[in-house]
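# An overview of the molecular structure
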Amino acid sequence: QVQLVESGGGLVQPGGSLTLSCAASGRIFSLGTMEWYCLAPGKERELVARITNGGSTNFADSVKGRFTISRDNAKNTVYLQMNNLKPDDTALYHCRVTSKSSYYAIPTDYWGQGTQVTVSS
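On a predicted model such as this, the values are computed, not experimentally measured, just so you know.

### Describing the layout of surface pockets
- Counted as a void, the largest pocket has a volume near 220 Å³.
- Forming the walls of the largest pocket are 18 residues, and the residues nearest its centre are C38, E46, S62, D88 and D89.
- No other element matches strand β5 (residues 46-51), which puts three residues into the lining of the largest pocket.
- A breakdown of the residues in the lining of the largest pocket according to their chemical character gives ten nonpolar, two polar and six charged.

### A look at unusual backbone geometry
- Here N76, not a glycine, exhibits a phi torsion of approximately 55°, which is positive.
- Looking at where N76 falls in the secondary structure, it is placed in the loop between β7 (67-72) and β8 (77-82).
- Exposure remark for N76: the relative accessible area of 23% places this residue in the partly exposed category.
- Despite not being glycine, N84 shows a phi value in the positive range, around 50°.

### Quick look at the sheet that holds β8
- Spatially, β1-β3-β8-β7 is the arrangement adopted by the four strands of the open sheet, whose pairing is antiparallel. Of all strands in the sheet, those bounded by a partner on one side alone are β1 (2-7) and β7. Sheet twist, expressed as the average angle between the axes of neighbouring strands with direction ignored, equals 15°.
- Both strand β3 (residues 18-26) and β8 contribute to a ladder of six bridges, which runs antiparallel. Within β8, the position partnered with S21 by the bridge is Y79.

Rules of the game
- Residues numbered from 1 in each chain as written.
- Predicted model: local features only at pLDDT ≥ 70, side-chain atom pairs only at ≥ 80, totals over all residues.
- Heavy atoms only, no water.
- 1 Å grid on protein atoms, 1.4 Å probe; cavity = no way out; pocket = protein on both sides within 12 Å on 5 of 7 lines; lining within 4 Å.
- Points joined across faces, edges and corners; volume = space filled by probe spheres on them.
- Helix = DSSP H or I, 4+ residues; strand = E, 2+ residues; numbered from the N terminus.
- Nonpolar A, V, L, I, M, F, W, Y, C, P; charged D, E, K, R; others polar.
- Buried < 20%, exposed > 50% of the residue type's maximum accessible area, 1.4 Å probe, protein only.
- Pairing = 2+ DSSP bridges.
- Axes fitted to C-alpha atoms, helices over the stretch in contact; angles between N-to-C directions.

What follows is the structure, encoded as structure tokens:
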């Protein structure tokens, strides 16, 4: 079993910045793709950014050029650097991580509880 703990959310003014962290712990042999999703009131959950274990990244069109995703494999942590934040970025941000508990194990997806980001003046 793997536990994910997100942090770094909060209230920020438009144009401001935040850095979200998602730390994985538990029975981890290897971590695969790590992702950030957002869930806003009245909207469906949306993929914000993805980083593979090889370091390849993908971003939603709405955040390209403003958000950066990175990972620290030694710390089992994925980060989301959010710059030039807009009110439309207001949402609950979750991380999702694919993990294997051993070499022969089937990869399993885990979700964090989320951290709230509110962009408002």
